[in-house]
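One-letter residues, chain by chain:
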Amino acid sequence: MAKAKPQVKLHSYGIYSHWDSDAKALPQIREFTTRVEAELEVEFGLIVNIKKAKGQQLHYCIYHPDIPDEEGQVMAPFAGDEYVRSNDWDFYLGDTIWAPVSNKLGIWRMTIELAGQLVADKSFELYQQQAGDAADFFNPRRKSKQKLR
C-alpha cells in the first residue's frame, strides 16, 4: 500500500496576537495582510496546516532584510528544523520587530519545506509610516472643496 502524500494548506498569514512560544496555543490572526507597519513587538507570519505527515522533518527559514548584529555584520537568515507532531498539525512561523525599527524595514520572506519540497512561501513588506503620509493626512477644507464641484 502506498504511503499517503502529505497535504499542506496555508491557513492564515498576516499580523497576529502576541505569541508565547512556551504555550500550546498558536497566536490568533488579527489582520490578513502582507504589508506590515513596523512597530515594536508587532507579530507577523503565517500558519500552515499539515496532514498525513507525522514524524516527517520540516525545515523553515525567515529571510530578512540585511539586519546587522551587534558587531555590524549582516545576520544570517533564521532557520531551523521541526518534526511534524501529528497527522493534523498546525505550525506557526513568524517573527516580531525589536529596536531599532528602522533597520528592520523591507521584505521578509518566510518559507517552509517538507521532505525537501517547498510547501509554503510568503513575503511580507515591513514599512514605517512617515509623518505627513497621505494615510495620516486629513484636510477638512479640501474635502469640502471636493463636495462643491
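Refer to the preceding data block for the structure.
Residues numbered from 1 in each chain as written. Predicted model: local features only at pLDDT ≥ 70, side-chain atom pairs only at ≥ 80, totals over all residues. Heavy atoms only, no water.

Q: What's the story with the pattern of salt bridges in this structure? I'm lost.
A: Should their charged atoms come close, side chains of opposite charge can pair. Overall, the coordinates contain three salt bridges when judged by the stated rule. The salt bridge partner of Arg35 is Glu125, with a shortest N-O separation of 3.1 Å. Here Glu125 lies in strand E9 (residues 117-127) and Arg35 lies in strand E3 (residues 35-37), a separation of 90 residues in the sequence. When its relative accessible area of 44% is taken as the criterion, Arg35 is described as partly exposed. (Salt bridge = Lys/Arg side-chain N within 4 Å of Asp/Glu carboxyl O. Helix = DSSP H or I, 4+ residues; strand = E, 2+ residues; numbered from the N terminus. Buried < 20%, exposed > 50% of the residue type's maximum accessible area, 1.4 Å probe, protein only.)

Q: Got a minute to help me understand unusual backbone geometry in this structure?
A: Here Ala99 and Pro100 are connected by a cis peptide whose omega angle stands at -5 degrees. For Pro100, the location among the structural elements is in the loop between strand E7 (88-96) and strand E8 (106-114). Unusually for a residue other than glycine, Ala115 sits at a positive phi of about 55 degrees. Checked against the element boundaries, Ala115 lands in the loop between E8 and E9. What makes Ala115 exposed here is its relative accessible area of 61%.

Q: When you look at the packing of aromatic side chains in this model, what are you seeing that I'm missing?
A: Any aromatic ring pair is given by two values, namely how distant the centres are and how the planes are angled relative to each other. Throughout the structure, instances matching the rule amount to eight aromatic pairs. Aromatic side chains Tyr16 and Tyr92 sit 5.2 Å apart centroid to centroid with 75 degrees between the ring planes, which places their arrangement in the edge-to-face category. Here Tyr16, found in strand E1 (residues 7-16), pairs with Tyr92, found in strand E7; they are 76 residues apart in sequence, far enough to count as distant. Pair check on accessibility: Tyr16 and Tyr92 agree, each one buried. (Phe/Tyr/Trp six-rings, centres within 6.5 Å; stacked < 30°, edge-to-face > 60°.)

Fair warning: the whole summary comes from geometry, so function is off the table for now.
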